[in-house]
Amino acid sequence: MFRRIRNAKFIDKKFLEDFDKSKYSLELNKKFEYLETLKFVDNKENIILIGTPGCGKTHYATALGIKACIVGKNVLFTSVPNLVIELQEAMSKNQITSYKKKFEKYDLVILYELGYVSFDKIGCDILFNFLSSRNDKVSIILITNLNFEIWEEVFKNPMLTSHS
């Protein structure tokens, strides 16, 4: 358990018991209950936590990640900008396939800081390709301050972020 927590590379140790859910609606608290069962990890579902700075997104995601480690799941916690840099480096070394393969060992990947740093078109395409290739293979928690409506500013392509 301690090795999994250390290998996850959490910035801080945060726990569900310390997360104040009282400021959230009944509807959100029901969603919290489901997330805390970690069934979304077993079902390989993706979660997007959107909110203003300081509302607890990173705390909550970290706490879910630590709980996942405690019950035997392998977790990675990393920033989106670092992920994009690593993906670009792997591509330049023709190692993108092996880089993507290393993510197969994780049950849950927590990505924070989506939208804090803008990327060029290549970085956006690499990130989108990576996230799509992970769909149905691993659970991802994506943490961002950006409302979904402005994601096309991050991904530079409205077709990548269209929703109905």
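Described in the following lines is the structure provided in the data block.

Digging into the nonpolar core
For soluble globular proteins, the rule of thumb is that nonpolar side chains tend to be buried together. Core analysis: the biggest nonpolar cluster contains 28 residues, and F10, F40, I110 and I141 have the highest contact counts within it. Listing elements by their share of this core, those giving two or more residues are α1 (2-8), α2 (26-36), α3 (39-42), β1 (47-50), α4 (57-70), β2 (75-79), β3 (108-114) and β4 (139-144). No other element matches the seven residues that α4 contributes to this core. Once you skip the residues sitting within four places of it in the chain, F10 turns out to touch I5, T62, G65, I66, C69, V75, F77 and I110. Within the second largest apolar cluster, 21 residues are counted, among which are V84, L87, C124 and L142.

Things to note about the pattern of salt bridges
Where charged atoms of side chains with opposite charge meet at close range, the side chains can pair. For the structure shown, the criterion picks out three salt bridges. Ionic pairing is found between K31 and E27, a salt bridge with its closest N-O pair at 3.7 Å. Linking K31 with E27, this pair stays in helix α2, spanning four residues, or about one helical turn. We note a salt bridge from D42 to K73, for which the minimum N-O separation is 2.6 Å. One end of the pair, D42, is in helix α3; the other, K73, is in the loop between α4 and β2, and 31 residues separate them in sequence. On the basis of relative accessible area, K73 is assigned to the buried category, the value being 19%.

As for unusual backbone geometry
Residues apart from glycine generally show negative phi values, whereas peptide bonds are mostly found in trans. In this structure, K44 is a non-glycine residue whose phi angle is positive, near 55°. Mapped onto the elements of the fold, K44 is located in the loop between α3 and β1. Even without glycine at this site, E113 takes up a positive phi of about 70°. Of note, E113 is situated in strand β3. Its relative accessible area of 30% is what places E113 among the partly exposed residues.

A short note on the side chain of T62
Secondary-structure assignment places T62 in helix α4. Beyond its immediate stretch of four places on either side in the chain, T62 contacts F10, D12, K14 and F77.

Brief notes about helix α7 (residues 121-134)
Under the 1.5 Å per step criterion, the end-to-end length of α7 is 20 Å for 14 residues, consistent within 8% with the ideal 20 Å. Among the residues trailing α7, D136 stands out with phi positive, at a value near 70°.

A look at the packing of aromatic side chains
For the structure on display, the rule yields 10 aromatic pairs. When the centroid spacing of 4.8 Å and the interplanar angle of 50° are considered together, the rings of F19 and Y60 count as tilted. A residue pair is termed long-range when its members are at least 10 positions apart, and F19 in the loop between α1 and α2 and Y60 in helix α4 qualify at 41 residues. As far as the burial class goes, F19 and Y60 line up, both buried. Taking 4.7 Å as the distance between ring centres and 50° as the angle between the ring planes, the aromatic pair formed by F32 and Y60 counts as tilted. With F32 in helix α2 and Y60 in helix α4, the pair connects residues that are 28 residues apart, well separated along the chain. We note that F32, like Y60, is buried. Among the aromatic residues, those joined into a ring-pair cluster are F19, Y24, F32 and Y60.

What counts and how
Residues numbered from 1 in each chain as written. Predicted model: local features only at pLDDT ≥ 70, side-chain atom pairs only at ≥ 80, totals over all residues. Heavy atoms only, no water. Core = buried A, V, L, I, M, F, W, Y, C linked by side-chain atoms within 4.5 Å. Buried < 20%, exposed > 50% of the residue type's maximum accessible area, 1.4 Å probe, protein only. Helix = DSSP H or I, 4+ residues; strand = E, 2+ residues; numbered from the N terminus. Contact = heavy atoms within 4.5 Å. Salt bridge = Lys/Arg side-chain N within 4 Å of Asp/Glu carboxyl O. Expected span 1.5 Å × (residues − 1). Phe/Tyr/Trp six-rings, centres within 6.5 Å; stacked < 30°, edge-to-face > 60°.

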